[in-house]
Amino acid sequence: MPNSVAGLRGRVSAAGWRSYGRLRQHLLLAVQGGLAASLAWLIAERVLGNPDPTFAPIAAVGVIATAIGRRARRTVELIVGVIVGVLIGDLLVDTIGTGAWQTFVIVFGALLVAVAVRGTGALVTQAGGAAALIATLTPTTPDVVLPRTVNALVGGATGLLVVLVLAPMNPTRSVRRIAGPALDTFARQLTSAAEALARRDARRATEVLDEMRSAEGQLRQVGDVVTAAEEVVRYSPLRWRRRRALAAYGAGAEHLDRAFRNSRTLVRRIGTVLRDQEPVPASLSTAVEQVGQSVRLMHEEFLSTREPVRTRERVLLAVHDAGTACRQEIGFSGTIVVSQLRTIANDMLRATGVPGDEARRLVRRAAAGQ
């Protein structure tokens, strides 16, 4: 009974800390949303004299809440969608009037046009919403067209103003908060895979593979937050000085994602090596451990804006150790582990800014023991 109570307390405490972490992570988003909605309302009502500025704060919050790193595009989609809906709705209302079947035709036409111009997401949604609004409100509110469009412009512009100028995210802090734990998880998983290989523990290798599958979303967040940070440092004058620190991460995010995906294949093959009881040279597990250490080094060097020299050295050391293992007694799946590790090394070198041809040359030399 005491153990059950202690376990329950532990789970409640862990859930509380996770909630606190999510609160800290999204606190700025809540501040930005409230500020953008308030400013959009004031601009639409007090400055432009719009008697019904409801859609302005809605549009502003829509921009704030959209996928990070895509707010500029979302704003354009939102405004264009409203314009498409307004134009199609206004044209068809004048032609066929209003009513139940007319609403179907008007919304159908607006959505069809939005899709035809390759609109996605906000554009299609706003086109349909604007068209429906015109179809149902135009008879009682004949001046809804222009205010709706103005509100979309005000809300979208205000949302961008808040996220890029008035209250922009701290790009390096955001990257550190998301990328740090994610890359540390990646590195620990590689270390665990190396330990499973050294101890010939096939069950542990399978567990590591399951952990990597579960962590895929966490690693994907790295690319998202880097994209958002790049958007901020590109457009926000307050964050321009962070460009250099973010440039390396931006260039390497795609290759890091490939390295993670290839690492899952490597761990899967490690499990096969162990289940088939193939020979496991000590240098092979050392090579996998070196790759994990290179992930940690890369994160540290990128955020400190240092040239990732140590990361490259550690990656090539891993390739060298894998090459040593390949020249010893090794089985079929072990050879595939070595090959996969070289692919990961190439991804890691590319992530640190090494050109493709040069990365392949360096990997070949290290594998040959040069």
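These notes cover the structure that comes with them. Since the model is a prediction, treat every value here as computed from it, not as a measurement.

## As for the overall build of the chain
Assigned secondary structure in the chain consists of 14 helices and zero strands. Along its sequence from the N terminus, the chain presents helices and strands in the succession α-α-α-α-α-α-α-α-α-α-α-α-α-α. Within the chain, buried positions represent 48% of all 370 residues. Considering only residue pairs separated by 6 or more positions, the chain has 75% of its internal contacts joining residues 24 or more positions apart. A total of about 18,400 Å² of accessible surface is found on the chain, and carbon and sulfur atoms cover 58% of it.

## Let's talk about the side chain of S283
Residue position: S283 is located in helix 11 (residues 282–303). Judged by its relative accessible area of 14%, S283 falls in the buried class. A distance of 3.4 Å separates the side chain of S283 from the backbone oxygen of D321, its partner in a polar contact. With residues up to four places along the chain from it excluded, the contact list for S283 reads D321, A322, T324, A325 and Q328.

## Digging into the packing of aromatic side chains
One pass over the full model with this rule turns up two aromatic pairs. Ring centres of F104 and F108 lie 5.8 Å apart, and the angle between their planes is 15 degrees; this geometry places the pair in the stacked category. Note that F104 and F108 are positioned in helix 4 (residues 100–116) at a spacing of four residues, about one turn of the helix. On the numbers, 5.3 Å between centres and 85 degrees between planes, the contact of F186 with F260 is edge-to-face. Note that F186 is positioned in helix 7 (residues 171–199) and F260 in helix 10 (residues 243–275), a separation of 74 residues in sequence. The same class applies to F186 as to F260, namely buried.

## So, the nonpolar core
Core analysis: the largest hydrophobic core is formed by 63 residues, its most contacted members being L197, L266, I270, V288, L341, M348 and L349. Top element by residues in this core is helix 7. It accounts for 12 residues. Leaving out residues up to four positions away in the same chain, V288 has contacts with L190, A193, A194, L197, L266, I270 and L341. Core analysis: the next-biggest nonpolar cluster, separate from the first, contains 21 residues, I106, A110, L123 and A131 among them.

## Considering the packing of helix 7 against helix 8 (residues 202–214)
Packing of helix 7 against helix 8 leaves a shortest axis separation of 9 Å and a crossing angle of 165 degrees. Considering the angle they form, helix 7 stands roughly antiparallel to helix 8. The two elements helix 7 and helix 8 cross, and the hand of that crossing is left-handed. Contacts from F186, Q189, S192, A193 and A196 in helix 7 reach R204, A205, V208, E211 and M212 in helix 8. Its residues assigned to classes, the contact of helix 7 with helix 8 shows six nonpolar, two polar and two charged.

## Thoughts on the packing of helix 13 (residues 332–351) against helix 14 (residues 356–367)
Axis separation between helix 13 and helix 14 bottoms out at 9 Å; the angle between their running directions is 135 degrees. As summarised for this structure, helix 13 and helix 14 are arranged oblique, according to the angle between their axes. In this structure, the crossing between helix 13 and helix 14 has a hand that is right-handed. Contacts between helix 13 and helix 14 involve R342, A345, N346, L349 and R350 from the first element and G356, A359, R360, L362, V363 and A367 from the second. Considered class by class, the residues forming the contact of helix 13 with helix 14 number six nonpolar, two polar and three charged.

## Focus: helix 8
Every α-helical turn comprises 3.6 residues, leaving residues that sit three or four positions apart pointing alike. In this model helix 8 runs 19 Å from its N-terminal to its C-terminal C-alpha over 13 residues, within 8% of the 18 Å that 1.5 Å per residue would give. Two to three positions downstream of the cap, the backbone nitrogen of R203 sits 3.3 Å from a side-chain oxygen, assigning the N-cap of helix 8 to D201.

## Comments concerning helix 4
For helix 4, which comprises 17 residues, the first-to-last C-alpha distance of 24 Å matches the rise-based estimate of 24 Å (1.5 Å per residue) to within 8%. What helix 4 keeps buried is the set Q102, I106, G109, A110 and A114. With its buried residues spanning 130 degrees around the axis, helix 4 presents them on a single face. Exposed and oriented more than 90 degrees from the buried face of helix 4 are A100, W101, F104, L112, V115 and A116.

## Quick word on the side chain of R312
Structurally, R312 can be placed in helix 12 (residues 309–326). Residue class for R312 comes out buried when judged on its relative accessible area of 19%. A polar contact of 3.0 Å, which involves the side chain of R312, links it to the side chain of E307.

Conventions adopted
Residues numbered from 1 in each chain as written. Predicted model: local features only at pLDDT ≥ 70, side-chain atom pairs only at ≥ 80, totals over all residues. Heavy atoms only, no water. Helix = DSSP H or I, 4+ residues; strand = E, 2+ residues; numbered from the N terminus. Buried < 20%, exposed > 50% of the residue type's maximum accessible area, 1.4 Å probe, protein only. Contact = heavy atoms within 4.5 Å. Areas by Shrake-Rupley, 256 points an atom, 1.4 Å probe, with all protein chains shown as cover. Polar contact = N/O pair within 3.5 Å; in protein donor to acceptor, adjacent residues only side chain to side chain. Phe/Tyr/Trp six-rings, centres within 6.5 Å; stacked < 30°, edge-to-face > 60°. Core = buried A, V, L, I, M, F, W, Y, C linked by side-chain atoms within 4.5 Å. Axes fitted to C-alpha atoms, helices over the stretch in contact; angles between N-to-C directions. Parallel < 35°, antiparallel > 145°, perpendicular 65-115°, else oblique. Left-handed = near helix turned anticlockwise from the far one by under 90°. Nonpolar A, V, L, I, M, F, W, Y, C, P; charged D, E, K, R; others polar. Expected span 1.5 Å × (residues − 1). Arc of directions from axis to C-beta.

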